[in-house]
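Coordinates in review
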Amino acid sequence: MENNILQKYNVPGPRYTSYPTVPYWDNGGFTEDVWKQSFLQAFDESNATEGISLYIHLPFCESMCTFCGCNKRVTRRHEVETTYITAVLNEWNMYCDLLPEKPRVKELHLGGGTPTFFSPENLEILINGIFDRAVKAPDYEFSFEGHPNNTTKEHLQTLYDLGFRRVSFGVQDYDIIVQKAIHRVQPFQNVARVTFWAKEIGYTSISHDLVFGLPFQTVETMVDTIEKTKALNPDRISFYSYAHVPWIKGNGQRGYDEKNLPKDEEKRMLYEIGKQLLDENDYYEIGMDHFALKSDAMYTAYKEGKLHRNFMGYSASKTQLMIGLGVSSISDSWYAFAQNEKVLEDYYKRIELNELPVFRGHLLTDEDLIIRRHILNLMCSFTTSWEDSSLYFPELPETLLSLKEMENDGLLEFGKNSITVTEAGKAYVRNICMAFDLRLKRKAPETKLFSMVV
């Protein structure tokens, strides 16, 4: 029965970091001026109450990890750091020049690429430059992604002194054969060292990122990886399905053959074993791919119904406005999305022209806003409701009818005016979200767009 369900639902599908998903954005009517108006509206509605979020994309890496689908630039020339930081701060100043008052930054996340490619001194220049034009919200939360091989104690101390309390380390898998295949060789002792440093310095939330479905992974290697992870006792664990999307230009997924990837039931077994071991070690599932100890703020947010999800991933609180700085970053005003130039040279060129470097975006329709809310509910709390008439949409009866089969398969339960994902259904939450995705329903992809759901 389990294999039949897997075969039925293991289809390509979005990860829903946004709705509409990026391939379904409608760029018609979107301009830099329209984005500025939406940005200012969101700032006016939310800065005084909840503050704003900042995502800063730091794209440089010293080597290419072949499992990665992120926007990055591989180089060993560290002189690029200064030029990039200058451009990001110029972009930030353009936004601040539009504002009537200083923004209150509630969330700040450094992503990549490899943020710890940058020296501690340059990261300090970047963060201080941000707060030359901003203030910290009272309940601010700053986080960054660290590479275990190049994160130094000075990195951790410098960012801690600047207000960072959350850090995530990319682990992926501890098996040397897997690590060589994905070009990410990092011994356990490197991860242990940075984890213990972070604890010693005082970080309150340390996360390890693990991936299942990588080339040459087996149940044995997965068990070993989870056991080593538990020995370090991180506060949170991201347990992702490897997204095999070799058709996306520049993602670097090469160096192994598709026959080396765990398939269907084998990949599903890696997930089940991993999830079982996490559960046995008191890690609770708090959202798609995410697990946390009860002592972590993310678990508390999940239990209190305050978990939020955006282009930065899950967070313990929400802000209406998120500004993405740097090449390829995406901003979100709730009413609109805007993405920066994806090619570094194009990004620099726009900054030099004193233009916000957005090159495409999407203005959300009233329908989009309703569907977005349902998908966020499912992703953050595994349930959604249309008890409030504002969350009703004309295609809802048809959507519910399409979910009946999932109910019969034990993946969700119907309430009077709600649905709730079952324990068995959590692995298929992307499928359930797809039932609400009206844009996907109306126009199926003509080419490969998304990774497999499982």
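Because the structure is predicted, anything quoted here is derived from the model rather than measured.

Next up on the list: empty space enclosed by the protein. By the definition in use, this model includes 3 cavities of 30 Å³ or more. Of the volumes computed, that of the largest cavity is approximately 140 Å³. Around the largest cavity sit 14 residues that line it, and Y271, M288, D289, A427 and V453 are the ones nearest its centre. Of all the elements in the fold, those that place two or more residues in the lining of the largest cavity are α9 (264-280) and α14 (429-436). Looking at the lining of the largest cavity, its residues break down into 7 nonpolar, 1 polar and 6 charged. Each of domain 1 (1-20 + 366-453) and domain 2 (24-325) gives at least three residues to the lining of the largest cavity. For the second largest cavity, the calculated volume is near 50 Å³. Lining the second largest cavity are Y16, T17, S18, Y19, R309, R372, I375 and L376. Here the lining of the second largest cavity gets 3 residues from one element, more than from any other, and that element is helix α12 (residues 366-381). When grouped by side-chain class, the residues that make up the lining of the second largest cavity number 4 nonpolar, 2 polar and 2 charged.

For the rest of this paragraph, the subject is the environment of N377. Looking at the element boundaries, N377 is found in helix α12. Between the C-alpha atoms of N377 and H109, which are 268 residues apart in sequence, the distance is 23 Å. Every residue in contact with N377, bar those within four places of it in the chain, is listed here: F382, T383 and T384. Among the polar contacts made by the side chain of N377, one reaches the side chain of T384 at a distance of 3.0 Å.

A separate point is the domain arrangement of the protein. Segmentation of the protein into domains returns domain 1 (1-20 + 366-453) and domain 2 (24-325). On a C-alpha basis, the centroid separation for the pair domain 1 and domain 2 is 25 Å. Between domain 1 and domain 2, the residue contacts involve 30 residues of the former and 27 residues of the latter. Both sides together, the interface formed by domain 1 and domain 2 hides about 2400 Å², and carbon and sulfur atoms give 56% of it. Per-residue buried area on domain 1 facing domain 2 is highest for R15, T17 and C380; these three make up 23% of the total on that side. Joining domain 1 to domain 2, the criterion identifies 1 salt bridge. Note that K275 is salt-bridged to E423, the shortest N-O span being 3.3 Å. Counting across the interface, domain 1 meets domain 2 through 8 residue pairs in polar contact (both at pLDDT 80 or more). At the level of elements, α1 (2-9), α12, α14 and α15 (438-442) are the ones that each hand at least two residues to the side of domain 1 that touches domain 2. For the side of domain 1 that touches domain 2, the class distribution of residues is 15 nonpolar, 7 polar and 8 charged.

With that out of the way, let us pick up the UniProt feature "binding site: S-adenosyl-L-methionine 2" (unreviewed entry) in the protein. When the UniProt feature table is mapped onto this chain, "binding site: S-adenosyl-L-methionine 2" (unreviewed entry) is found at F67, C68, G69, G113, T114, Q172, R184, D209 and A243. With respect to the helices and strands, F67 occurs in the loop between β2 (60-61) and β3 (73-74). Taking the relative accessible area as the measure of exposure, F67 reaches 16% and is therefore buried. One can find Q172 in strand β6 (residues 164-172). The exposure class of Q172 is buried, given its relative accessible area of 6%. If sequence neighbours within four positions are ignored, Q172 has contacts with F67, I182, R184, D209, L210, V211, L214, Q217 and T225.

Once that is clear, we can look at the UniProt feature "binding site: [4Fe-4S] cluster" (unreviewed entry) in the protein. UniProt records the feature "binding site: [4Fe-4S] cluster" (unreviewed entry) for C61, C65 and C68 in the present numbering. Its location among the elements puts C61 in strand β2. In contact with C61, other than residues within four places in its own chain, are K72, R73, V74, T75, G113, T114 and F117. Tracing the chain through its elements places C68 in the loop between β2 and β3.

Thresholds, definitions, all that
- Residues numbered from 1 in each chain as written.
- Predicted model: local features only at pLDDT ≥ 70, side-chain atom pairs only at ≥ 80, totals over all residues.
- Heavy atoms only, no water.
- 1 Å grid on protein atoms, 1.4 Å probe; cavity = no way out; pocket = protein on both sides within 12 Å on 5 of 7 lines; lining within 4 Å.
- Points joined across faces, edges and corners; volume = space filled by probe spheres on them.
- Helix = DSSP H or I, 4+ residues; strand = E, 2+ residues; numbered from the N terminus.
- Nonpolar A, V, L, I, M, F, W, Y, C, P; charged D, E, K, R; others polar.
- Domains from an automatic or database assignment.
- Contact = heavy atoms within 4.5 Å.
- Polar contact = N/O pair within 3.5 Å; in protein donor to acceptor, adjacent residues only side chain to side chain.
- Buried area = accessible area lost by both parts, 1.4 Å probe.
- Salt bridge = Lys/Arg side-chain N within 4 Å of Asp/Glu carboxyl O.
- UniProt positions renumbered as here; feature names shortened; annotations may be inferred.
- Buried < 20%, exposed > 50% of the residue type's maximum accessible area, 1.4 Å probe, protein only.

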